[in-house]
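Here is how the chains run, residue by residue.
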Amino acid sequence: MIKLDYTNVSDKIIGDEGLDIISCFNEFAPKIREIITNLNMNKDKPGQWLQWMNLGYNEETVWYVKEFAAMVDGRFDNVLVLGTGGSALGGLALSHALLKPYWNLLDKEQRDSFPRIFFLDNIDPDEISGLLDILDLKKTLVNVITKSGSTAETMAQFMVIKDKLEALLGDDYRKHVVATTDKETGILRQLANEEGYKTFVVPDDVGGRFSVFSAVGLVPLALVGVDIDEIIRGIKIMDLNLKNTDINNNIAAQNALIHYLMDTKKDKYISVMMPYSSRLKYIADWYVQLWAESLGKEVDRAGNKINNRPTPIKALGATDQHSQIQLYNEGKNDKIITFIRVDEFDNQLDIPNVFEFTGLNYLAGKSINQLFNSEADATKVTLCDYKRPNVTIHLPKINEYYLAQLLYMFEMQTAIIGELYNINAFNQPGVEQAKNYTYALMGRFGYEESANQLNEKLNNKVIL
Ligand code: PA5
């Protein structure tokens, strides 16, 4: 199992900036027990948005995903994923972590005949055009993913690609499209029905940022040969562990409580996610979305205006030691840093003794692995010297099983801290507002009133 080490948030290590962990755990044990019990009791209730807790048990979906991957095996050189936010970040984070580094630059044999994979999660015209210049669409499978079925970014990308695919392939273009969307509603579902696309379902009551273990993440991952059975095994074992209502035996509850108390008692509301692994760098992006969209809420469940402030930041060790760590050590003491450490890398890379009798002798004969670990240890100890709280999550290795545990743990941690804040961690009114304004500005039918108000604000320079 992955492990959480919270030694360095203790007051024994960082003095007044830290917490008396044992008494905090004792004090909050009943509240945590209540939260975990309620989450598990409510997970099947419609409208609670807790269906993500059941995704590890959705054998039918796993079976269909694997069947589809087997069916298209060998037919495509590229997979192109269209989606944004929660519809893209999980697949991007896991594929980047689990595939061999520089996957898209490897030849077919090095990729074990699996396709390359590209994620278009933005609408930069230069990026899209650049990708289309290099991609052979005749050998590309397009997975368009949108729960709502209407997100402007995703659907605009899809319109551009569909046009090009159809021009190349005529009616056969349909065989190059797989749509992942709501089972009944939304424009993409309607189009899929009319055009006859292969489809997968984003289950009800699973929000975008909690959807990585649904078809949203599993389809692209299976297409490039990721072992989704191992992902499921990882979710299940972690789910079993996190059903434990005793905070002393539940790492998601522990980390949720630590972050909650650091914010509310110690004024440390910024959560820095810093993996010491380039392969995990998009896991930090995924976490940032999960934390920000779930916890940054205007009102609590009682309707009180609270403008909740937990603020996630992504960092990468060791690179960001040379950019952000100065701030984290000496700047305002308002952060808690989470390190993700990999106990065993796939490769051991020795540093050869190529420059004799120089100041570099100390590196010769050591390994890059040793240097990486020393950098991480050095950063951790320096933070403690400056009395900055930090926790470390240990992954025995980077593989499907441990990464599934990690992401599922973060989802549960987010759900638990949401309850501690007494907020709805599963809606995103601030995101919807911006989406609606975009529809209005782009002239979507039904958004005329909003468009008038917006144009008035823009023209009167109330905003800008
Ligand atoms: O987490 C969320 O709800 C959002 O980030 C959505 O995933 C994102 O806005 C994309 O929405 P959709 O899947 O409807 O296109």
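Residues numbered from 1 in each chain as written. Predicted model: local features only at pLDDT ≥ 70, side-chain atom pairs only at ≥ 80, totals over all residues. Heavy atoms only, no water.

1. Here we look at the overall build of the chain
Within the chain, the secondary structure is distributed over 16 helices and ten strands. A compact globule built from 464 residues would reach a C-alpha radius of gyration of about 23 Å, and the chain, at 23 Å, matches this within 12%. Relative to its full complement of 464 residues, the chain shows a buried share of 50%. Across the chain, the fraction of contacts at a sequence separation of at least 24, relative to all contacts at a separation of at least 6, is 76%. Carbon and sulfur atoms provide 51% of the accessible area of the chain, an area that totals close to 21,600 Å². Measuring between centres, the 48 positive side-chain charges of the chain sit 2 Å from its 62 negative side-chain charges. (Helix = DSSP H or I, 4+ residues; strand = E, 2+ residues; numbered from the N terminus. Rg over C-alpha atoms; globule rule 2.2 N^0.38 Å. Buried < 20%, exposed > 50% of the residue type's maximum accessible area, 1.4 Å probe, protein only. Contact = heavy atoms within 4.5 Å. Areas by Shrake-Rupley, 256 points an atom, 1.4 Å probe, with all protein chains shown as cover. Lys, Arg positive; Asp, Glu negative; His and termini not counted. Charge placed at Lys NZ, Arg CZ, Asp CG, Glu CD.)

2. What about helix α5 (residues 125–134)?
For an α-helix, the turn length of 3.6 residues means that residues three or four places apart are oriented alike. Among the residues of α5, those classed as buried are Ile-128, Leu-131 and Leu-132. Looking straight down α5, one finds that the buried residues subtend no more than 100 degrees of arc, so they occupy a single side. Facing away from the buried side of α5 by more than 90 degrees, the exposed set consists of Asp-126, Asp-133 and Ile-134. Residues of α5 that are buried sit in contact with β2 (78–82), β3 (116–120) and α6 (152–169). Capping the start of α5 is the job of one residue whose side-chain oxygen sits 2.7 Å from the backbone nitrogen of Asp-126: Asp-124. (Arc of directions from axis to C-beta. Polar contact = N/O pair within 3.5 Å; in protein donor to acceptor, adjacent residues only side chain to side chain.)

3. A short note on a nonpolar patch on the surface
Residues Val-354, Phe-355, Leu-360 and Tyr-362 make up a contiguous nonpolar surface patch of roughly 450 Å² in combined accessible area. By secondary structure assignment, the location of Phe-355 is in the loop between β9 (335–342) and α13 (368–385). (Patch = residues over 30% accessible without salt bridge, like charges linked within 9 Å, V, L, I, M, F, W, Y side chains within 5 Å. Salt bridge = Lys/Arg side-chain N within 4 Å of Asp/Glu carboxyl O.)

4. Topic: the domain arrangement of the chain
Looking at the assigned domains, one finds that the chain contains domain 1 (3–41 + 232–421) and domain 2 (51–226). One C-alpha centre belongs to domain 1, the other to domain 2, and the line joining them spans 30 Å. Counting from both sides, the interface comprises 31 residues of domain 1 and, opposite them, 24 residues of domain 2. Taken over both partners, the interface formed by domain 1 and domain 2 buries close to 2,500 Å², and the fraction arising from carbon and sulfur atoms is 69%. The tally of links between domain 1 and domain 2 comes to two salt bridges. Here Glu-59 makes a salt bridge to Lys-236, at a shortest N to O gap of 4.0 Å. Here domain 1 is connected to domain 2 by five residue pairs in polar contact (both at pLDDT 80 or more). (Domains from an automatic or database assignment. Buried area = accessible area lost by both parts, 1.4 Å probe.)

5. Description of the packing of helix α4 (residues 89–98) against helix α14 (residues 400–421)
It is the contact of α4 with α14, at a shortest axis distance of 11 Å, that shows an interaxial angle of 150 degrees. Put simply, α4 runs roughly antiparallel to α14. Between α4 and α14 lies a crossing of right-handed hand. Taking contact as the criterion, the partners of Leu-94, Ala-97 and Leu-98 in α4 are, on α14, Glu-400, Leu-403 and Leu-407. (Axes fitted to C-alpha atoms, helices over the stretch in contact; angles between N-to-C directions. Parallel < 35°, antiparallel > 145°, perpendicular 65-115°, else oblique. Left-handed = near helix turned anticlockwise from the far one by under 90°.)

6. Concerning the side chain of Ser-214
You can see Ser-214 is positioned in the loop between β6 (198–201) and α8 (215–223). Residue Ser-214 is classed as buried on the basis of its relative accessible area, which comes to 2%. Here Ser-211 takes part through its backbone oxygen, which lies 2.7 Å from a polar atom of the side chain of Ser-214. Leave out the neighbours within four places in its chain, and Ser-214 touches Leu-55 and Pro-203.

7. Some words on the sheet that holds β6
In spatial order, the strands read β3-β2-β4-β5-β6; together these five strands make up an open sheet with parallel pairing. Since the sheet does not close on itself, it has two edges, and those belong to β3 and β6, each with one partner. If you compare each strand with its neighbour and ignore which way they point, the axes differ by 20 degrees on average. Sheet topology places β2 next to strand β4 (residues 140–145); five bridges connect them, and they run parallel. When the sheet's bridge partners are listed, Leu-82 is paired in β4 with Val-144. Packing against the sheet, helix α7 (residues 187–195) makes contact with β4, β5 (177–181) and β6, and its axis sits at approximately 145 degrees to β5. (Pairing = 2+ DSSP bridges.)

8. Structural notes on the packing of helix α2 (residues 21–42) against helix α10 (residues 251–264)
Two elements in contact, α2 and α10, have axes separated by 10 Å at closest approach and are oriented at 115 degrees. Classified by the angle between their axes, α2 and α10 sit roughly perpendicular to one another. Relative to α10, the crossing made by α2 is right-handed. Contacts from Ile-21, Cys-24, Phe-25, Phe-28, Ile-32 and Ile-36 in α2 reach Ala-253, Gln-254, Leu-257, Ile-258, Tyr-260 and Leu-261 in α10. Residue classes in the contact of α2 with α10 are distributed as eleven nonpolar, one polar and no charged. (Nonpolar A, V, L, I, M, F, W, Y, C, P; charged D, E, K, R; others polar.)

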